[in-house]
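What follows is the residue order along each chain.
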Amino acid sequence: MLRLAPAAARTVVDLSYSRHFLDFQGSAIPRAMQKLVVTRLSPRFRDAVALRRDCPVPLPGDGDLLVRNRPLSTPSRSPNKTGGTQRGRLPARPTRRHPRVLRDMVVSGAGTARTTATFRFVGINASDINYSAGRYDPTVKPPFDLGFEGIGEVVGLGLSASARYTVGQAVAYMAPGSFAEYTVVPARHATPVPSVKPEYLTLLVSGTTAHISLNELGELSEGKKVLVTAAAGGTGQFAVQLSKKAKCHVIGTCSSDEKSAFLKSLGCDRPINYKTESVRTLLKHEYPEGIDVVYESVGGAMFDLAVDALATKGRLIVIGFISGYQSPTGLPPVNAGTLPAKLLKKSASVHGFFLNHYLSKYQAAMAHLLQLYASGDLVCEVDLGDLSPEGRFIGLNSIFRAVDYMYMGKNTGKIVVELPHSVNSKL
């Protein structure tokens, strides 16, 4: 029988999926970018953080996907209705002048899929100061990146991430390092959204914190009385609305008549402007039987009066204590010595809530909130700083102003910073 010599082995390269990895819509990925970096630990944000330029743009994985984009013209700054920009386009096909280089992706880290997004908007959180002070992870030493959340467009991605994402897709994400023009985000931490709108960003931390904490710890039911402190803020607005959807009676504290009007528009039954009314006196007179659930984020004296206002079997959920974050310890003074006796007397309870401990509930919460927003049943109030003395928060430099704005108690809704598209030299 005639034996045939085995054919030489051939390497077959399948590029049928290549469009997943190419930014053919012209995102103009630069060689360098700007980002905010913590250079020294301090609760004073301006002292702790510096703006650094000429930082290398990160790639998804160990350089497994290299994308070159050279727009035909400089991207314009024509704003769209969400505050983004219109961008230049690449040719429909690769040319000698506009090459596209790619190879199979091997994502760094076992089982890790990453995407790279150019951000349009990033969110400001009270705990940005805790992060810059090194309170979340004492083992991390400066310099390190900061920022918890952002929303933008995918411009490059790993192979396994391409099963769910494509270049040009809008994503919102919760991951560290968002105060940058580009970052690498684990795909599992990203959420596909219909478009780059800042309203979606409000749900990532603020919305899910209210949703999960009230569901897991609040035991809400029809007729219960719920007190929300800092009710017109980023997360307070959602605590008010979700409590109303559970058919509760909602009281909300705020710092101005304008914020009181906003709370009324959300359905809040009893807004309290603590600048003109005594919260303690009002609760005692108007709610003599006490409050069933408190959603508390202020701390200090507000925490103390909330404990005193609890009903029998009342529940107080601590999601923060912003009044103490700027102090050296990060803790506002409270009457802790009498707390056990007060709780025992009422069979009441205090529960702490930290979002990272409930990540198993996160995707379901996001899906529900996105559905409510899409159906028009949820208000996602965004504060872009238009009423601040220096105007709208645009660019990484304005994050310093945005943090100051929050700690002055000026914001209504979630503070969001717009990051316009950067025009730098290309990869």
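One can find the structure itself at the top, above this paragraph.
Criteria and cut-off values
Residues numbered from 1 in each chain as written. Predicted model: local features only at pLDDT ≥ 70, side-chain atom pairs only at ≥ 80, totals over all residues. Heavy atoms only, no water. Helix = DSSP H or I, 4+ residues; strand = E, 2+ residues; numbered from the N terminus. Contact = heavy atoms within 4.5 Å. Pairing = 2+ DSSP bridges. Axes fitted to C-alpha atoms, helices over the stretch in contact; angles between N-to-C directions. Buried < 20%, exposed > 50% of the residue type's maximum accessible area, 1.4 Å probe, protein only.

*Asks:* Requested: an account of the environment of Leu339, with residues and values cited.
*Replies:* Among the structural elements, Leu339 can be located in helix H8 (residues 339-346). C-alpha of Leu339 to C-alpha of Val350: the two residues are 11 residues apart in sequence and 9.6 Å apart in space. Those residues in contact with Leu339, other than ones at most four positions away along the chain, are Phe303, Val307 and Val350.

*Asks:* Account for the sheet that holds strand E9 (residues 225-228), naming residues and giving values.
*Replies:* Note: strands within a sheet are paired through backbone hydrogen bonds, in either parallel or antiparallel orientation. Sheet architecture is open: 6 strands sit in the order E11-E10-E9-E12-E13-E14, paired in parallel fashion. Each end of this open sheet is capped by a strand with a single partner; those strands are strand E11 (270-273) and strand E14 (349-352). Put simply, the sheet's adjacent strands are angled 15° from each other on average, direction ignored. The strands touched by helix H6 (residues 279-286) are E9, strand E10 (249-254), E11 and strand E12 (291-296); relative to E11, the strand with the most contacts, the crossing angle is about 150°.

*Asks:* Explain the sheet that holds strand E1 (residues 32-38) to me, using residue names and the numbers behind them.
*Replies:* The 3 strands are arranged E2-E1-E4 in an open sheet whose pairing can be described as antiparallel. Two strands lie at the open edges of the sheet, namely strand E2 (49-56) and strand E4 (144-145), each paired on one side alone. Alignment of E1 against E4, held across 2 bridges, turns out to be antiparallel. Residue pairing in the sheet places Val37 in a bridge with Asp145 of E4.

*Asks:* Talk me through the pairing of E1; I want residue IDs and the actual numbers.
*Replies:* Of all 7 residues in E1, 6 are buried, a share of seventy percent or more. Two strands pair when backbone bridges link them, and E1 and E2 are joined in this way by 6 bridges, in the antiparallel orientation. Note on E2: the bridge partner recorded for Leu36 is Leu51.

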